[in-house]
Amino acid sequence: MDVTLINPFINATINVLEIMAFMNVTAGKPFLKTDITAIGDITGLMGLTGKTNGTVAVTFESNCILAIVSNMFGEQMDEINSEIIDAVGELTNMISGQARRELAEAGRSFKAAIPSVVAGSQHSITHYTDGPKIAIPFTTENGDFTIEVCFER
């Protein structure tokens, strides 16, 4: 996997969560993910098309996304509901958008599909391409989340 395709997603994730949710996030070491089971409880998934096709998935632990959305809305969120699901889709869209802008500046243009959201413990993430799935773990003071980036070979 070309690191120039991964770093924009790391940068965008940190930036979006700092600006939208006033949260400091720390990226962990990327790793090759070999299964389809989500690491978290709720996932935003978005297809990307261009010279290379791929997907990005953002998977949050429940306590993490509840804290993020509570910060974004300025009110305490206590359960996964339609507002949380909508917020996960919008966060996925914002992260993808910022990453795609950075990629475009480097000469790699992508268009994005509308994000879909899947929730539930041990749910599956099906990427639209069969390339390697690179997972980047992130930590916050309120829990963890993971970004998965997968581009065709």
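Our subject in this report is the structure included herewith. (Residues numbered from 1 in each chain as written. Predicted model: local features only at pLDDT ≥ 70, side-chain atom pairs only at ≥ 80, totals over all residues. Heavy atoms only, no water.)

1. Thoughts on the pairing of strand 4 (residues 54-60)
Here is the rule we go by: Three exposure classes are used, based on accessible area relative to the maximum for each residue type with a 1.4 Å probe and protein chains only: buried under 20%, partly exposed in between, and exposed over 50%. Helical segments are the DSSP runs of H or I of at least four residues, strand segments are the runs of E of at least two, and each set is numbered from the N terminus.
Most of strand 4 is tucked away, with seven of its seven residues classed as buried. The side-chain alternation of strand 4 yields two buried faces, one formed by Gly54, Val56, Val58 and Phe60 and the other by Thr55, Ala57 and Thr59.

2. Some details on the environment of Ile36
Secondary-structure assignment places Ile36 in the loop between strand 2 (31-33) and strand 3 (42-50). Owing to a relative accessible area of 44%, Ile36 belongs among the partly exposed residues under this scheme. Placed 88 residues apart in sequence, Ile36 and Ser124 show a C-alpha to C-alpha distance of 5.2 Å.

3. A look at the packing of helix 1 (residues 3-21) against helix 3 (residues 82-105)
Applied cut-off: Comment: axis = line fitted to C-alpha atoms, over the contacting stretch for helices; angle = value between 0 and 180 degrees taken between N-to-C directions. We call two directions roughly parallel when the angle between them is under 35 degrees, roughly antiparallel when it is over 145, roughly perpendicular when it lies between 65 and 115, and oblique otherwise. By convention, the crossing between two helices is left-handed when the near helix turns anticlockwise from the far helix through less than a right angle, and right-handed when the turn is clockwise. Note on definitions: a residue-residue contact is assigned when non-hydrogen atoms from the two residues lie within 4.5 Å. Note on residue classes: Ala, Val, Leu, Ile, Met, Phe, Trp, Tyr, Cys and Pro are nonpolar, Asp, Glu, Lys and Arg are charged, and everything else, Gly too, is polar.
Interaxial distance between helix 1 and helix 3 falls to 8 Å at its minimum, and their mutual angle equals 130 degrees. Between helix 1 and helix 3, the angle falls in the class oblique. Crossing of helix 1 over helix 3 shows right-handed handedness. Counted together, Thr4, Leu5, Pro8, Phe9, Asn11, Ala12, Thr13, Asn15, Val16, Leu17 and Met20 of helix 1 and Leu91, Met94, Ile95, Ser96, Gln98, Ala99, Glu102 and Leu103 of helix 3 form the full contact between these two elements. Across the contact of helix 1 with helix 3, the residue classes tally to twelve nonpolar, six polar and one charged.

4. Structural notes on the environment of Glu90
If you trace the backbone, Glu90 turns up in helix 3. On a C-alpha basis, the gap between Glu90 and Gly44 in space is 8.5 Å, while along the polypeptide they are 46 residues apart.

5. Overview of the nonpolar core
The condition is simple: Only buried residues count toward a nonpolar core. Its members are Ala, Val, Leu, Ile, Met, Phe, Trp, Tyr and Cys residues joined through side-chain atoms within 4.5 Å.
Membership of the largest hydrophobic core comes to 38 residues, with the highest contact counts inside it found for Phe60, Ile65, Ile68, Phe145 and Ile147. Within the residue set of this core, elements represented by two or more residues are helix 1, strand 3, strand 4, helix 2 (62-73), helix 3, strand 7 (133-140) and strand 8 (143-151). Residue contributions to this core peak at eight residues, all from helix 1. Discounting residues that sit within four places of it in the chain, Ile68 has contacts with Leu17, Ala21, Met23, Phe60 and Leu91.

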